[in-house]
Amino acid sequence: MPIRRLVLDVLKPIRGTSIVDLAEKISSIEGVDGVNISVTDMDVETMGLMIVIEGSNLNFEEIKKLLEEEGCAIHSIDEVVSGNKIVEGRKEA
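Residues numbered from 1 in each chain as written. Predicted model: local features only at pLDDT ≥ 70, side-chain atom pairs only at ≥ 80, totals over all residues. Heavy atoms only, no water.

1. Considering the nonpolar core
The biggest cluster of nonpolar side chains holds 18 residues, and the ones touching the most others in it are Leu8, Leu22, Ile51, Ile53, Ile63 and Leu67. Among the secondary structure elements, those contributing two or more residues to this core are β1 (3-13), α1 (19-27), β2 (32-42), β3 (46-55) and α2 (60-69). Among all residues touching Ile63, those that are not within four sequence positions of it are Leu6, Leu8, Ile29, Ile53 and Leu58. (Core = buried A, V, L, I, M, F, W, Y, C linked by side-chain atoms within 4.5 Å. Buried < 20%, exposed > 50% of the residue type's maximum accessible area, 1.4 Å probe, protein only. Helix = DSSP H or I, 4+ residues; strand = E, 2+ residues; numbered from the N terminus. Contact = heavy atoms within 4.5 Å.)

Have a look at this one:
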């Protein structure tokens, strides 16, 4: 079954690629239909990012490789959606 959504908690150096450029690079990967990058925290040298990627058939290894080439580290994979349709999880109260 294809991966349709990934939610990644990522640490990115402040210097280097902007989040705008990073979003464009991720969205250029085959199978990616959309990317949302939110800054979750920031310090002097790094920023925490929540990256949501959706598409018809996401290649996690290719996404991971691109992020590593940009100096990013994946802290955690917070959500994976696979199958023929996207199923929304239970909302917390």
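2. With respect to the sheet that holds β2
Strands sit in the order β2-β3-β1-β4 across an open sheet of four strands; the sheet is antiparallel. A single partner strand is all that each edge strand has here, and the edge strands are β2 and β4 (73-82). When strand polarity is set aside, the average angle formed by the axes of neighbouring strands in this sheet is 15°. Two strands pair when backbone bridges link them, and β1 and β3 are joined in this way by nine bridges, in the antiparallel orientation. Within β3, the residue paired with Pro13 across the bridge is Thr46. Set on the sheet, α1 makes contact with β1, β2 and β3; between it and β2 the angle comes to about 150°. (Pairing = 2+ DSSP bridges. Axes fitted to C-alpha atoms, helices over the stretch in contact; angles between N-to-C directions.)

3. A look at the pairing of β1
One face of the sheet, then the other: side chains in a regular strand alternate in exactly this way. Bridge count between β1 and β4: eight bridges; the pairing is antiparallel. Residue Val7 lies in a different strand from β4, and its bridge partner there is Glu79.

4. Overview of the side chain of Lys12
Relative to the helices and strands, Lys12 resides in strand β1. The buried charged residue Lys12 lacks any salt bridge partner; its closest oppositely charged side chain belongs to Glu70, at an N-O distance of 7.4 Å. Among the polar contacts listed, one links the side chain of Lys12 to the backbone oxygen of Thr17, at a separation of 2.6 Å. Other than its neighbours up to four places away in sequence, Lys12 contacts Thr17, Ser18, Ile19, Leu22, Glu45, Thr46, Met47, Leu49 and Cys72. (Lys, Arg positive; Asp, Glu negative; His and termini not counted. Salt bridge = Lys/Arg side-chain N within 4 Å of Asp/Glu carboxyl O. Polar contact = N/O pair within 3.5 Å; in protein donor to acceptor, adjacent residues only side chain to side chain.)

5. Quick notes on α2
Residues Phe60, Ile63, Leu66 and Leu67 constitute the buried set of α2. For α2, the arc enclosing every buried residue in end-on projection is 130°, short of the 170-degree limit, so these residues lie on one face. Away from its buried face, by an angle of more than 90 degrees, α2 presents the exposed residues Glu61, Lys65 and Glu69. Against the buried residues of α2 lie β1, α1, β3 and β4. Regarding α2, its N-cap is Asn59, as a side-chain oxygen of that residue lies 3.1 Å from the backbone nitrogen of Glu61 further along. Taken from the residues just after α2, Gly71 is the one with a positive phi, measuring 85°. (Arc of directions from axis to C-beta.)

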